[in-house]
Amino acid sequence: MSSERTESGARRSLEHMKARLLLLAGLATSCSVVVPPEGEPTSTIATPIVKGVASDASQDAIVLVMHYDAVKEGGGAASGCTGSMLTPQLVLTARHCVALTDPGAACNSEGKPVAGGEVQADHEPSAIYVFAGKDRPDFLAGTARPVRGKEILTTGAKTLCDNDIALVLLERPLPGAKIAPVRLDAKPEKGEMVTVVGWGIADDDPNPSTRRQRTEVEIVDVGPADELGPKEFRIGEGTCQGDSGGPAIAASGAVLGALSRGGNGTNNTGADACLGGTNIFTSTAAHADFIRAGYAKAGQEPWLEGHPNPLLAVNGATCATDAECRSDVCDAERKTCTDACREGSTCSKGFTCVPQGDREVCVPSEQRDD
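Residues numbered from 1 in each chain as written. Predicted model: local features only at pLDDT ≥ 70, side-chain atom pairs only at ≥ 80, totals over all residues. Heavy atoms only, no water.

Applying the stated criterion to the full structure yields one aromatic pair. Considering the side-chain rings of F233 and F281, the 5.4 Å spacing of their centres and the 10° angle between planes classify their relative orientation as stacked. With F233 in strand 17 (residues 232–235) and F281 in strand 20 (residues 278–283), the pair connects residues that are 48 residues apart, well separated along the chain. Each member of the pair, F233 as well as F281, carries the same accessibility label: buried. (Phe/Tyr/Trp six-rings, centres within 6.5 Å; stacked < 30°, edge-to-face > 60°. Helix = DSSP H or I, 4+ residues; strand = E, 2+ residues; numbered from the N terminus. Buried < 20%, exposed > 50% of the residue type's maximum accessible area, 1.4 Å probe, protein only.)

Dropping the structure here:
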């Protein structure tokens, strides 16, 4: 085979790779917003998950992340992304959602760039706007008020390969948003089924009125693998432009990663570029130290997969309902958080298991009602 044919084939292979690995941010054509000075109404034209359904209020930890800065390069036309609230003031998203970067990235199995993927500069934190809720905000009516970024936290990498992940520390807690647990102690597993949630382009509506989700999407590869770095994993069809930074959520409810890039290898636009494609996420577990440092900056202990929400009350704290307690049990008589038990089982020292309504709870032994 001639060297010319070899080089030509390599170029075609690279172009094909780049076509499939376009960044999935809401690039200038997929989502735009005009954000006036603080306190004034805003307006938007925006474009979510392909073949998905509406996302309900239980997924309100998933938020709309917008960048707009008319005076900076790359900010004249706003871009839209998705993020996950880890604390009321800390958002997990993709690095390319909060930075000026190449419009595409192709990476190898070592997590090194083959083409594109350069990070040129992070945006101004105050030019990042985050919106809560499952319904697309009515910016024009001025009923929605975003919270701006205060600080952008990154791994410091100069390439998106293996590092397309960022945290945005907000200037204040985001009203109406929930928080999500995160997996930091174990890599995603090939064959694991996840739910994807986001604000990106849908196959049936270029401008859906609600955030969308798609369940039972399979993890098909965990890096290192072909075009997949050691800190990345790949899923099947589901996400599209505007879903960048959004989560892959495990059956446990934990966030496993932030969406980086994807596509189906065609030169189509909109949802047609995503149908039948695959999508690459940056793993949270692979960046555990970085994310833990973000939690520390936000002043909250991490909410780890399989553990109770750290914002909920500990045993002994005052409560009115079960949902307020980490144990999910509020002693209805004493109005304090406690543990559930079965008659005859062992409670913590100093507590006794007693019936209360249709269940048994642990109560202080000296206060037991005989």
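Having put the structure on the table, let's press on.
Before going further, it helps to examine the state of the cysteines. One pass over the full model with this rule turns up six disulfides. Here C81 engages in a disulfide with C97; their sulfurs sit 2.1 Å apart. Here C81 and C97 share a disulfide; its torsion about the S-S bond, -85°, makes the bridge left-handed. You can see C81 sitting in strand 6 (residues 79–87) and its partner C97 sitting in the loop between strand 7 (90–93) and strand 8 (99–101), a full 16 residues away along the chain. Residues C81 and C97 agree in their burial class; the two are buried. Between the sulfur atoms of C107 and its disulfide partner C161 the distance amounts to 2.0 Å. Where C107 bonds to C161 through sulfur, the torsion about that S-S bond is close to -85°, and the disulfide is left-handed. (Disulfide = S-S within 2.5 Å.)

To continue, consider the pairing of strand 10 (residues 113–116). In this sheet, strand 10 lies alongside strand 9 (residues 105–107) in antiparallel orientation, the contact comprising three bridges. Looking at the pairing, A106 lines up with A115 of strand 10. What sits between strand 9 and strand 10 in their antiparallel hairpin is a turn of five residues, with G111 showing a positive phi close to 80°. (Pairing = 2+ DSSP bridges.)

Note: strands within a sheet are paired through backbone hydrogen bonds, in either parallel or antiparallel orientation. Spatial strand order, 23-25-24: three strands in an open sheet with antiparallel pairing. Because the sheet does not close on itself, it has two edges, and the strands there are strand 23 (340–341) and strand 24 (351–356). Where strand 24 and strand 25 (residues 359–364) come together, six bridges link them in antiparallel fashion. Counterpart to F351 in the pairing with strand 25 is P364.

The next subject is the nonpolar core. Judged by nonpolar contacts, the single largest core of 36 residues is most densely connected at L86, V91, V130 and L170. Listed by contribution, the elements that provide at least two residues to this core are strand 5 (62–67), strand 6, strand 7, strand 12 (128–131), strand 13 (147–154), strand 14 (166–170), strand 19 (255–263) and helix 2 (288–298). Broken down by element, the residue count for this core peaks at five residues, all from strand 14. Once residues lying within four places of it in the same chain are set aside, the contact partners of V130 are V63, L64, V65, V91, P146, V147, L170 and L174. Counting residues in each nonpolar core, the second largest holds twelve residues, with V196, F233, A250 and L256 among its members. (Core = buried A, V, L, I, M, F, W, Y, C linked by side-chain atoms within 4.5 Å. Contact = heavy atoms within 4.5 Å.)

Further remarks concern the environment of R145. With respect to the helices and strands, R145 occurs in the loop between strand 12 and strand 13. Given the relative accessible area of 41%, R145 is considered partly exposed.

Let us look at the environment of G52. Considering the arrangement of structural elements, one finds G52 in the loop between strand 3 (43–46) and strand 4 (53–54). Taking the relative accessible area as the measure of exposure, G52 reaches 17% and is therefore buried. Among all residues touching G52, those that are not within four sequence positions of it are D203, R212, Q213 and R214.

Our focus in this paragraph is the confidence of the model for the chain. When pLDDT is averaged along the chain, the result is 82; 78% of the residues meet or exceed 70. Below a pLDDT of 50 lies the segment residues 1–21, which in the model reaches 27 contacts outside its immediate sequence neighbourhood of four places, other chains included. Across residues 25–48 the pLDDT falls below 50, and counting only partners more than four positions away or on other chains, this stretch makes 78 contacts in the model. (pLDDT = per-residue confidence, 0-100.)

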